Amino acid sequence: MQRLLVLKETFSSLDVSQQQQILIGSAVAVGGILAYKLLQRRKPKVLPLGQGWWGKGTKPMSEDDQIYPFRIQTSDEEIEDLHARIDRTRYADSLEESTFQYGFNSTYLKRVVSYWRNEFDWRKQVDVLNNYPHFKTKIEGLDVHFVHVRPPPSKNQKIIPLMLVHGWPGSFYEFYKILPLLTQNHDGFAFEVICPSIPGYGYSEAPYKKGFDSLAAARIFLTLMERLGFDKFYLQGGDWGSLITTNMAQMKPDCVKGLHVNMIMVARGFKQLLSIIIGPYLPFLVGLTREDVRRLFPFFQKNVVEILKESGYMHIQATKPDTAGCAVNDSPVGLAAYILEKFSTWTDRKYRDLADGGLERKYSLEDLLTNIMIYWTTGCITSSMRFYKENLQRDPDSREDALIGVTVPTGLAAFPGELLHTPKSWGESRYSNIYSYTYMQRGGHFAAFEEPQLLADDIVRFVKKVEKL
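Here the structure is a predicted model, which means the values were calculated and not measured.

A. Fine view of the layout of surface pockets. What the largest pocket holds in volume is close to 1,200 Å³. Along its surface, the largest pocket is lined by 39 residues, and M265, M314, L392, P396 and L420 are the ones closest to its centre. Of all the secondary-structure elements, those providing two or more residues to the lining of the largest pocket are helix 8 (240-251), helix 11 (299-310), helix 12 (312-317) and helix 17 (381-392). Among the elements that take part in the lining of the largest pocket, helix 11 stands out by supplying six residues, more than any other. A breakdown of the residues in the lining of the largest pocket according to their chemical character gives 23 nonpolar, eight polar and eight charged. For the second largest pocket, the calculated volume is near 620 Å³. Considering the residues around the second largest pocket, the lining is formed by 26 residues, among which D348, R349, K350, P416 and G417 are closest to the centre. Of all the elements in the fold, those that place two or more residues in the lining of the second largest pocket are helix 10 (290-296) and helix 11. Class assignment of the residues belonging to the lining of the second largest pocket gives a composition of five nonpolar, eight polar and 13 charged.

B. Here's a closer look at the UniProt feature "active site" (unreviewed entry) in the chain. When the UniProt feature table is mapped onto this chain, "active site" (unreviewed entry) is found at D239, Y388 and H445. Of the annotated set named above, D239 and H445 line the largest cavity. Residue contacts for D239: discarding those within four places in its chain leaves G167, W168, M263, M265, Y388 and H445. With respect to the helices, strands and loops of the structure, Y388 is situated in helix 17. On the basis of relative accessibility, which here comes to 3%, the residue Y388 falls in the buried class. Beyond its immediate chain neighbours, meaning those up to four positions away, Y388 contacts W168, D239, W240, Y313, M314, Q317 and A318.

C. Representation of the pairing of strand 6 (residues 233-237) within the structure. Burial analysis of strand 6 places five of its five residues in the buried class, the great majority of the element. Alternating residues of strand 6 divide into F233, L235 and G237 and Y234 and Q236, and every residue in both groups is buried. When strand 4 (residues 158-165) meets strand 6, the two strands line up parallel, connected through four bridges. Residue pairing in the sheet places V165 in a bridge with G237 of strand 6. Sheet topology places strand 6 next to strand 7 (residues 256-261); five bridges connect them, and they run parallel. Its bridge partner being in strand 7, L235 is matched across the sheet by L259.

D. Local environment of empty space enclosed by the protein. As enumerated under the stated definition, the model contains two cavities of 30 Å³ or more in all. Classifying every residue of the lining of the largest cavity gives eight nonpolar, seven polar and two charged. By volume, the second largest cavity is sized at about 60 Å³. What lines the second largest cavity is N262, M263, I264, R295, A413, A414, F415, E418, L420, H421 and T422. When grouped by side-chain class, the residues that make up the lining of the second largest cavity number six nonpolar, three polar and two charged.

E. Main features of the packing of helix 4 (residues 106-118) against helix 14 (residues 332-345). Put simply, helix 4 and helix 14 touch, their axes get as near as 11 Å, and they point 120 degrees apart. For the element pair helix 4 / helix 14, the angle class is oblique. For the pair helix 4 and helix 14, the sense of crossing is right-handed. Together, L109, V112, V113 and W116 of helix 4 and P332, V333, A336, A337 and L340 of helix 14 make up the contact between the two elements.

Parameters at a glance
Residues numbered from 1 in each chain as written. Predicted model: local features only at pLDDT ≥ 70, side-chain atom pairs only at ≥ 80, totals over all residues. Heavy atoms only, no water. 1 Å grid on protein atoms, 1.4 Å probe; cavity = no way out; pocket = protein on both sides within 12 Å on 5 of 7 lines; lining within 4 Å. Points joined across faces, edges and corners; volume = space filled by probe spheres on them. Helix = DSSP H or I, 4+ residues; strand = E, 2+ residues; numbered from the N terminus. Nonpolar A, V, L, I, M, F, W, Y, C, P; charged D, E, K, R; others polar. UniProt positions renumbered as here; feature names shortened; annotations may be inferred. Contact = heavy atoms within 4.5 Å. Buried < 20%, exposed > 50% of the residue type's maximum accessible area, 1.4 Å probe, protein only. Pairing = 2+ DSSP bridges. Axes fitted to C-alpha atoms, helices over the stretch in contact; angles between N-to-C directions. Parallel < 35°, antiparallel > 145°, perpendicular 65-115°, else oblique. Left-handed = near helix turned anticlockwise from the far one by under 90°.

The following block contains the structure:
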């Protein structure tokens, strides 16, 4: 109090001009502090890159950063071993009229395996896989595999780099049908596409240490793009690829010109709870459209009961992946049943009621078995399953990436057969700069594999909006 009186007396002893200067200076200082605080609040938070070493042993002083061509190969011994294991398969009988309600129906499984054993030509499919250029490079101790496809030369054509990231139980092969659609000319521009394999999947080396999650994968893929010479690029992903590309955009928003995802992952909070309560009756009050209502409700049936039916695998892989991995890594038929069941139900849940799981309605057995063979020949099923444990050991909603928004231009493609529907109003809680939100007319979880043209068209529309083309 005494200090205040002294200051007051001192201020009163000054002449009017001096008092005015002090008041103006104080006002400017306070205004500057407030402006700084406001700018700091508005400044987008960036997810820390972090660092890691996932190779064997201790990290060396230096690492080979060269990029090497890679070709997929097979051998007589590999094929003979596969056939011998198939021939020794012991099947369990399916229940009468059980369709796919109990999992992969063994009656239909025998037909798939017969095709695999007697008609499927792995050597031919290896040639198909090698139609596009493959490469490997060492990052954080791991050999990272990727496909790199450049568009055909064309005059006055703008080249736009685009990374596509797969999920589980998919692979880079999911993108083989969309690659020619993206690398063709689109009214003056074409994509140069990079499709990496997540470490622990396919031809990317598996981590040797615990803790390899989506943040580590994002950092590795950012290093890959930098190593390829790209300082500005677009990203696209579904399943784990959606989370990985989202993390990439959070880590280096200045490098990511745009992010497009076909699986929209957001935390559930009060806004979502309010939508669930009011949405069926007054959807417009909570930012829902009629299509959102159709896809979301009845909420308990579609978002609780159905997810419980389809998430048993996730609980196993998020807790004890190595236990189940021992079985499916040893049996090719067991591996096929475990993976192909997802390509049935995750494409359309109604396929559970069909004796053949509807598998050949959207896919060919040749394509499905090519994906299986990538898992089988690399022995990567266990390491791919561990990715669930590494990402779900902590509450996903409390991870650092869940607490930071995504500010880059974003395109969201909502496919009707996706495991969960996320309305645009919910997506805005994480993605603050949505340029496009599309209710896709058909398709499920494996969008690029199932509906390559629809997905390619949506990516092109999104990029045209961002680039103002």
